[in-house]
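Structure at a glance
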Amino acid sequence: DLKLMPADRKRYVMDSEGPTVYVFNDAGNLVNTNTDLSARKNVLLKDPATMAVFHNGDFMVMDEKICVAYHFNRVSDLIGTLGSKGESREGVFVHATHVSIAPGTSNRMAILDEKAGRVQYYEVQQLKPLKDEPSRRVKMIESSTLRKPVLDLAVGSNGLRYVIPGGDRSKVIAYKDTSQM
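What this report covers is the structure whose coordinates are included nearby. (Residues numbered from 1 in each chain as written. Predicted model: local features only at pLDDT ≥ 70, side-chain atom pairs only at ≥ 80, totals over all residues. Heavy atoms only, no water.)

Attention now moves to the sheet that holds strand β17 (residues 173-175). Taken together, the three strands give an open sheet; going across it, the order is β15-β16-β17, and neighbouring strands pair in antiparallel fashion. Only two strands of the sheet have a single neighbouring strand rather than two, namely β15 (150-155) and β17. Mean inter-strand twist for the sheet, computed between neighbouring axes without regard to direction, equals 25 degrees. Looking at chain direction, β15 and strand β16 (residues 161-165) are connected through five bridges and run antiparallel. Residue pairing across strands places Val-155 opposite Arg-161, the latter belonging to β16. (Pairing = 2+ DSSP bridges. Helix = DSSP H or I, 4+ residues; strand = E, 2+ residues; numbered from the N terminus. Axes fitted to C-alpha atoms, helices over the stretch in contact; angles between N-to-C directions.)

Here it is, written out as structure tokens:
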């Protein structure tokens with residue numbers, strides 16, 4: 001999974017086998033390696049699927065199997081978690097597959113619950129690393145039901161939601177309002 005950071009022109013690459021996050025500068029040189037995220041205290045990564053990067057270098061890793069999004073700072077300290085597996089409702093996902101953060105925003109993210117056909121939008125508090133148990137430092141701001149199956153989701157800084165429709169990987173469709181999705 002590759003994510004670009006326009007603010008500092010860094011490239012974040014997640015190797016889901018580790019799981020490890022590599023950070024490269026604009027010239028393509030490795031500047032940081034966040035190794036074996038699953039070995040961190042309170043992290044139970046089973047199947048890391050996607051990652052999203054905040055403007056400050058914090059990043060979220062979505063675990064597809066257990067439907068938990070892990071929030072790490074730029075040096076891989078766990079800041080918080082969001083989600084669990086179950087019947088779709090706030091913070092609970094049937095099959096969460098993607099996490100997206102709008103570029104240029106400091107704290108807004110979306111999680112695609114593919115099997116439930118839902119997208120949940122959150123504000124995430126940017127706080128210091130946890131000393132004890134991870135907590136939910138998020139507030140749900142919106143939820144929308146998708147009218148069509150979606151393979152991937154991204155939120156643009158312009159407020160548009162970009163999706164790859166379930167039946168055609170060659171298309172990207174932009175929606176202004178989530179009720180159109």
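Attention shifts here to the sheet that holds strand β7 (residues 68-72). Strand order in the open sheet formed by four strands is β5-β6-β7-β8, and the pairing between neighbours is antiparallel. Only two strands of the sheet have a single neighbouring strand rather than two, namely β5 (48-53) and β8 (78-82). Put simply, the sheet's adjacent strands are angled 20 degrees from each other on average, direction ignored.

The next thing to look at is unusual backbone geometry. One non-glycine residue, Cys-67, lies in positive phi territory at about 60 degrees. Inspection of the secondary structure puts Cys-67 in the loop between β6 (59-63) and β7.

Turning our eyes to something else, we now look at the pairing of β16. Residues Arg-161, Val-163 and Pro-165 point to one face of β16 and are all buried, whereas Tyr-162 and Ile-164, pointing to the other face, are not buried. Here β16 pairs with β17 via three bridges, running antiparallel. Paired with Tyr-162 across the two strands is Ala-174, which belongs to β17. (Buried < 20%, exposed > 50% of the residue type's maximum accessible area, 1.4 Å probe, protein only.)

In this sheet, strand β3 (residues 20-24) lies alongside strand β2 (residues 10-15) in antiparallel orientation, the contact comprising five bridges. In the sheet register, Met-14 faces β3, and the bridge partner there is Val-21. A loop of four residues connects β2 with β3, the two strands running antiparallel in sequence.

What follows covers the side chain of Asp-113. You can see Asp-113 is positioned in strand β12 (residues 108-113). Not counting the four nearest positions on each side in its chain, Asp-113 is found in contact with Ser-88, Val-92, Phe-93, Val-94, His-95, Ala-96 and Arg-118. (Contact = heavy atoms within 4.5 Å.)

Turning to the environment of Val-75, a few remarks are in order. By the secondary structure assignment, Val-75 is in the loop between β7 and β8. Along the chain, Val-75 and Asn-34 lie 41 residues apart, while their C-alpha atoms are 6.5 Å from each other. Ignoring sequence-local partners within four residues, the contact set of Val-75 consists of Asn-34 and Arg-40.

Here the focus is the side chain of Gln-120. The residue Gln-120 is located in strand β13 (residues 118-124) in this model. Among the polar contacts made by the side chain of Gln-120, one reaches the main-chain carbonyl oxygen of Arg-89 at a distance of 2.9 Å. Within the structure, the side chain of Gln-120 is placed 2.2 Å from the side chain of Tyr-122, a separation counted as a polar contact. (Polar contact = N/O pair within 3.5 Å; in protein donor to acceptor, adjacent residues only side chain to side chain.)

These results come straight from atomic positions and should not be treated as a statement about function.
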